[in-house]
Amino acid sequence: MTVLTGDCRALMPAHAPFDLILADPPYGDTSLAWDRRVDGWLQLARAALAPTGSLWVFGSLRSFMATANRFTEAGLRYAQEIVWEKQNGSGFHADRFKRVHELAAQFYPAASPWRDIYNDVQTTPDATARTVRRKRRPPHTGHIDVGHYISQDGGPRLMRSVITVRNCHGRAIHPTEKPSALLEILIRTSCPVGGLVGDWFAGSGAAGEACRLSGRRYLGCEIDAAMAERARSRIAAVLPFHDGAGATAPLAPEFSRIEGERS
Ligand SMILES: C[S@@+](CC[C@H](N)C(=O)[O-])C[C@H]1O[C@@H](n2cnc3c(N)ncnc32)[C@H](O)[C@@H]1O
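Quick summary incoming for the structure in this document. Quantities reported herein were computed from a predicted structural model and do not represent experimental measurements.

**Description of the overall build of the chain**
Helix and strand counts for the chain come out as seven helices and ten strands. Counting the 263 residues in the chain, one finds 42% classified as buried. Contacts in the chain between residues far apart in sequence, at least 24 positions, make up 74% of those at least 6 positions apart. By element, 55% of the accessible surface of the chain is carried by carbon and sulfur atoms, the whole surface being about 14600 Å².

**Looking at the nonpolar core**
Formed by 28 residues in total, the largest nonpolar core has its most connected members in Leu22, Ile187 and Tyr218. Mapped by element, the contributors of at least two residues to this core are β2 (18-23), β3 (49-59), β4 (76-85), α4 (180-190), α5 (206-214) and α6 (225-236).

**Looking at the pairing of strand β10 (residues 217-222)**
Across the six residues of β10, five count as buried, placing the element largely inside the fold. Where strand β1 (residues 2-5) and β10 come together, four bridges link them in parallel fashion. Within β10, the position partnered with Leu4 by the bridge is Cys221. Inspection of the sheet shows strand β9 (residues 196-199) paired to β10 by four bridges, in the parallel sense. Each bridged residue has a counterpart across the sheet, and for Leu196 the counterpart in β10 is Arg217. The parallel pair β9 and β10 is bridged by α5, and the resulting crossover is right-handed.

**Remarks on the site of the ligand**
Around the ligand, the surrounding shell holds 19 residues, and the nearest of these are Asp24, His174, Lys178, Ser204 and Glu222. With respect to the ligand, the side chain of His174 contributes an N or O atom lying 2.7 Å from an oxygen atom. For the ligand, the accessible surface in isolation is 610 Å², of which the surrounding protein chains cover 91%.

**What about the sheet that holds β9?**
Backbone hydrogen bonds hold the strands of a sheet together, and the pairing may be parallel or antiparallel. Here eight strands make up an open sheet; going across it, the order is β1-β10-β9-β2-β3-β5-β4-β8 and the pairing mixed. Among the strands making up the open sheet, the edge pair consists of β1 and β8 (162-164). Here the strands of the sheet are splayed against their neighbours by 20 degrees on average, with no regard to which way each runs. Two elements, β2 and β9, share three bridges in a ladder whose sense is parallel. Looking at the pairing, Leu22 lines up with Asp199 of β9. Along the sheet face, α6 touches β1 and β10 and points at about 170 degrees away from the line of β1.

The rules behind the values
Residues numbered from 1 in each chain as written. Predicted model: local features only at pLDDT ≥ 70, side-chain atom pairs only at ≥ 80, totals over all residues. Heavy atoms only, no water. Helix = DSSP H or I, 4+ residues; strand = E, 2+ residues; numbered from the N terminus. Buried < 20%, exposed > 50% of the residue type's maximum accessible area, 1.4 Å probe, protein only. Contact = heavy atoms within 4.5 Å. Areas by Shrake-Rupley, 256 points an atom, 1.4 Å probe, with all protein chains shown as cover. Core = buried A, V, L, I, M, F, W, Y, C linked by side-chain atoms within 4.5 Å. Pairing = 2+ DSSP bridges. Right-handed = clockwise from strand over helix to strand, strands pointing away. Near = heavy atom within 4 Å. Polar contact = N/O pair within 3.5 Å; in protein donor to acceptor, adjacent residues only side chain to side chain. Axes fitted to C-alpha atoms, helices over the stretch in contact; angles between N-to-C directions.

Structure below.
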């Protein structure tokens with residue numbers, strides 16, 4: 001469980017296969033010096049996925065539209081997206097609405113059937129029993145196979161695709177830090193317990209914190225050496241996952257080796 005310092009394109013493929021790759025790359029939406037789109041990482045990420053693995057990428061609709069062909073060229077197929085709704089945010093000159101959301105989209109290798117990809121279902125315990133029942137699907141949806149999760153009357157509900165989590169303003173250690181609670185939802189959905197999450201643009205290491213709390217193994221990569229060191233300290237400060245029987249999730253031997261190698 002650590003963060004490598006360097007370019008993810010050079011370092012991360014050697015640690016494949018990843019059960020889940022999380023990527024929060026620079027969106028390239030602004031003229032800021034650090035906000036430059038990174039080329040060539042998508043092919044490498046696709047090749048670094050385990051056979052059941054998938055890739056969650058953060059971005060704006062603007063950044064996804066500008067890079068859509070790169071996903072296709074890399075052999076990745078779009079699966080679904082979530083909207084992260086935050087309490088505030090910064091917008092663009094053209095915006096006529098207060099911009100309070102970002103997107104995260106899931107992709108998987110185009111050569112793999114979707115049914116082979118690891119996907120758990122997230123639920124919330126806020127359902128109420130129905131008094132009026134809808135018997136069939138509305139006609140405008142056409143034929144859609146039965147979903148993976150059938151909610152019980154009054155029982156847990158399928159989590160909604162618009163997820164509201166406060167952003168990290170005021171306590172962030174990185175200018176575009178994502179809340180670890182949001183990342184934990186994606187990690188629990190797309191990586192089995194004990195599986196390996198690769199965080200290719202690690203920033204503050206928020207995903208490492210989420211992995212530590214949810215019992216997944218974590219390898220991040222951050223090109224900024226000072227930020228990588230802060231991410232390592234942050235992750236090390238989180239109490240590790242407990243399996244309920246008093247044992248903590250074991251750290252794989254290869255991670256000790258990576259710790260020794262880090263620059
Ligand atoms: C949008 S931020 C990620 C923020 C992170 N998700 C968090 O919650 O803190 C993107 C990060 O990618 C890093 N980065 C840019 N190019 C990189 C590369 N080629 N390899 C690894 N990291 C890179 C930047 O230094 C920056 O910290």
